Amino acid sequence: MGLHSVVSSFNYGGQAVIEGVMMRGPRSYAVAVRQADGSIVAEKERTVAYAERNPVFKWPLLRGNFVLFDSLVLGMKALSKSANLAMEEEEELSWAEMSGSILLALVLAIVLFIVAPVGAVHLIRHWVPGILVQNVLEGFIRIAVFLGYLVAISRMKDIERVFMYHGAEHKVIHTYEHGDDLTVENARKYSTLHPRCGTSFLLVVLVISIFIFALLGGGSLFWKIGSRILVLPAVAGLGYEFIRFSGRWQQHAWGRFLIAPGLWFQGLTTREPDDEQLEVAIRALEEVLKDEN
């Protein structure tokens, strides 16, 4: 998944889907999928980013949350569309089903990355001196859970192919950003890692949460869990601004230092793609670029 400056003023990006890639432009998004017979099929839909709907959606700190929500909705739609294209079916998720899936994903994320770490530290609080130390320990447990989750899913065979398409998406975005023609030969030479990837964003959010949550102090277990959920929008907003800032200065040594941890984590969620997967990613990006001409 990506929160992906490029040749134009729009930050093109996308995400890996089932046997394919979704790419998003300023006016549309396209899903390209490799079908069982070897052909590539693509579908495109018009879309408008939240930032274009209301000036409020462009405000610093707030915009990160709107982008994140927009990405979740679009990502779910793209996954549904790719599954249908891969299996040559026509039924897609309804809005009710999509909303339920997003809500379930959010609940699971809260349980895994808030409730579990907070509960673990709360149980051992009598053996850990000081509220500040407890809150910092909670943050490191959260990162460890995230790392363990990535390592676990990376060993699944089906996920391996998704990670290859993730790498293809990044390579093709790099190709476009460098002004090269969108060919497999040009895409091969670029990295599977990208500084504005969703994996990097999640890591940044987890690190920022250590500092923000550490300021919330102590209290009951209910307060600890509730207070962290309440400040999540601020954490996500700061994370998005950090990704934008570090990506803008990645040509400098200190900028590369800032993005290095996120790139390292991407090593768990990307794999080197084959030429056929690069073709799919190129097709998806070409579809959305047609609206620019």
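Residues numbered from 1 in each chain as written. Predicted model: local features only at pLDDT ≥ 70, side-chain atom pairs only at ≥ 80, totals over all residues. Heavy atoms only, no water.

Chemist: Is there a simple way to explain the sheet that holds strand 1 (residues 13-17) in this structure?
Modeler: In sheet architecture, strand pairing relies on hydrogen bonds along the backbone and comes in two forms, parallel and antiparallel. The 4 strands are arranged 1-2-3-4 in an open sheet whose pairing can be described as antiparallel. In the strand order of this sheet, the two ends are held by strand 1 and strand 4 (40-46), each with one partner. The mean angle between the axes of side-by-side strands here comes to 15°, regardless of whether they run parallel or antiparallel. Packed onto the sheet, helix 4 (residues 157-177) meets strand 1, strand 2 (20-24) and strand 3 (28-34) and runs at close to 160° relative to strand 1. In this fold helix 9 (residues 275-289) packs onto strand 2, strand 3 and strand 4, with an angle of close to 155° to the strand it touches most, strand 3. (Pairing = 2+ DSSP bridges. Helix = DSSP H or I, 4+ residues; strand = E, 2+ residues; numbered from the N terminus. Axes fitted to C-alpha atoms, helices over the stretch in contact; angles between N-to-C directions. Contact = heavy atoms within 4.5 Å.)

Chemist: Is there a simple way to think about the packing of helix 4 against helix 9 in this case?
Modeler: The packing of two helices is summarised by the inter-axis angle and the distance between the axes. Here helix 4 crosses helix 9 at 50°, and the two axes come no closer than 8 Å. It follows that helix 4 is oblique to helix 9 by the angle criterion. As for the relative orientation of helix 4 and helix 9, their crossing is right-handed in sense. Counted together, Arg161, Met164, Tyr165, Ala168, Glu169, Lys171, Val172 and Tyr176 of helix 4 and Gln277, Leu278, Val280, Ala281, Ile282, Leu285 and Leu289 of helix 9 form the full contact between these two elements. Among the residues making up the contact of helix 4 with helix 9, the classes are represented as 11 nonpolar, 1 polar and 3 charged. (Parallel < 35°, antiparallel > 145°, perpendicular 65-115°, else oblique. Left-handed = near helix turned anticlockwise from the far one by under 90°. Nonpolar A, V, L, I, M, F, W, Y, C, P; charged D, E, K, R; others polar.)

Chemist: Help me out: how do you make sense of the pairing of strand 2 in this one?
Modeler: When a strand is regular, its side chains alternate between the sheet's two faces. The buried count for strand 2 comes to 5 of 5 residues, which makes it a mostly enclosed element. Burial along strand 2 is two-sided: the residues Gly20, Met22 and Arg24 and Val21 and Met23 are all buried. Relative to strand 2, strand 1 runs antiparallel, the two being bridged by 5 bridges. Each bridged residue has a counterpart across the sheet, and for Gly14 the counterpart in strand 2 is Met23. From the end of strand 1 to the start of strand 2, which pair antiparallel, there are 2 residues, and Glu19 there has a positive phi angle of about 55°. Direction of pairing for strand 2 relative to strand 3: antiparallel, over a ladder of 5 bridges. Considered in strand 3, the bridge of Val21 is made with Ala32. If you look at the hairpin formed by strand 2 and strand 3, you'll find 3 residues sitting between the two strands. (Buried < 20%, exposed > 50% of the residue type's maximum accessible area, 1.4 Å probe, protein only.)

Everything listed here is a matter of coordinates, which is why it stays silent on function.
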